[in-house]
Amino acid sequence: MRIDVFTIFPQLIQDFTAASLVGRARTSGVLDLRTHDPRDATTDKHRTVDDTPFGGGPGMVLKPEPIFAIVEQVAPPRPLLLLSPSGRTFNQEYAAELAQGDGFSLLCGRYEGVDQRVRDHLIDGEVSIGDVVLSGGEVAALTIIEAVSRLLPGMMGNAESADDESFADGLLEYPHYTRPWSFNDWEAPDVLRSGDHARVARWRRAKALELTMARRPDLIEARGGLSAEELALCEEFGIVTD
Ligand code: SAH
């Protein structure tokens, strides 16, 4: 997987991705992550990447020439996605889509954003990390890089854990417990030491349903409500379904 990031703050991307799982993906060769600074494609003495908006108004806009020039020099993997609050909302499904390809590229905006001609004539799409406004695309890019990296082959400590996680089957994840069994007089649920693996699996699924019904009824709705089998599971563990 190759990911190219275009940013006027490449160090933010480099420093963060040197650590943790993304760092491991990079050193093991599973992930080829490259950063490119539009400033390196400027031709003026001051290496100018921004300018004031035509028509007036606050802030600065990233100029088109350095961005077009650096992208043309690099010929990065496509799709080239602009980080933008106007983009398609990033989620686990989108991460899985990106993880399936050989690579993609991310263009980080700053200030008021990029000149519209970059959006009209250079990029392939726009991606948002949610209805919130950041000061730059770098943190959004890192969110995407981290979510995609952990889906790459060989990246999760336990290959099965990705299938079990939140959103994997349209549900939030069940609760986890570890030692000590009793902490401040709060005990872990008995079913978890029953040794009955099938029952543990049923309990986990029932708890995932319970949590999703409480927090994200929209997710339950999206998968067409509860099946007869799921209703039975909830009943088995005393979970109210209406
Ligand atoms: N004026 C713009 C916001 C610019 S914020 C507007 O109102 O839409 C500066 C840059 O931060 C953007 O160009 C984009 O690259 C990044 N950014 C801000 N919020 C983001 C979000 N929710 N998702 C992805 N990128 C975002």
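The rules behind these values
- Residues numbered from 1 in each chain as written.
- Predicted model: local features only at pLDDT ≥ 70, side-chain atom pairs only at ≥ 80, totals over all residues.
- Heavy atoms only, no water.
- Domains from an automatic or database assignment.
- Phe/Tyr/Trp six-rings, centres within 6.5 Å; stacked < 30°, edge-to-face > 60°.
- Lys NZ or Arg CZ within 6 Å of the ring centre and 35° of its normal.
- Patch = residues over 30% accessible without salt bridge, like charges linked within 9 Å, V, L, I, M, F, W, Y side chains within 5 Å.
- Areas by Shrake-Rupley, 256 points an atom, 1.4 Å probe, with all protein chains shown as cover.
- Salt bridge = Lys/Arg side-chain N within 4 Å of Asp/Glu carboxyl O.
- Buried < 20%, exposed > 50% of the residue type's maximum accessible area, 1.4 Å probe, protein only.
- Helix = DSSP H or I, 4+ residues; strand = E, 2+ residues; numbered from the N terminus.
- Expected span 1.5 Å × (residues − 1).
- Axes fitted to C-alpha atoms, helices over the stretch in contact; angles between N-to-C directions.
- Parallel < 35°, antiparallel > 145°, perpendicular 65-115°, else oblique.
- Contact = heavy atoms within 4.5 Å.
- Nonpolar A, V, L, I, M, F, W, Y, C, P; charged D, E, K, R; others polar.

When the domains of the protein chain are assigned, the result is domain 1 (2-149) and domain 2 (164-236). Taken over C-alpha atoms, the centre of domain 1 sits 38 Å from the centre of domain 2.

With that settled, consider the packing of aromatic side chains. Summed over the entire model, instances satisfying the criterion amount to 2 aromatic pairs. Taking NZ or CZ as reference, Arg 88 lies 3.7 Å from the ring centre of Tyr 94, over its face.

Residues Ile 129, Val 132, Leu 134 and Val 139 make up a contiguous nonpolar surface patch of about 300 Å² in total accessible area. For Val 139, a relative accessible area of 52% puts it in the exposed group.

Before going further, it helps to examine the pattern of salt bridges. Taken as a whole and judged by the stated rule, the model has 18 salt bridges. Among the salt bridges present, the one from Asp 40 reaches Arg 47, with a minimum N-O distance of 3.5 Å. The exposure class assigned to Arg 47 is partly exposed, which follows from its relative accessible area of 36%. Where Arg 117 meets Asp 115, a salt bridge forms, and the shortest distance between an N and an O atom there is 2.8 Å. Given the relative accessible area of 43%, Arg 117 is considered partly exposed. Since its relative accessible area comes to 14%, Asp 115 is described here as buried. The network of salt bridges with common partners includes Asp 169, Arg 205, Arg 223 and Glu 230.

Between the first and last C-alpha of helix H6 (residues 138-149) there are 16 Å, a value that for 12 residues agrees with the 16 Å anticipated at 1.5 Å per step. What H6 keeps buried is the set Glu 138, Ala 140, Ala 141, Leu 142, Ile 144, Ile 145, Ala 147, Val 148 and Ser 149.

Their axes nearest at 9 Å, the elements helix H8 (residues 197-215) and helix H10 (residues 228-236) cross at an angle of 100°. As judged from the angle between their axes, H8 and H10 are roughly perpendicular. Contacts between H8 and H10 pair Arg 199, Arg 202, Arg 205, Ala 206, Leu 209 and Met 213 from the former with Glu 230, Leu 233, Cys 234 and Glu 236 from the latter. Taken together, the residues that form the contact of H8 with H10 break down as 5 nonpolar, no polar and 5 charged.

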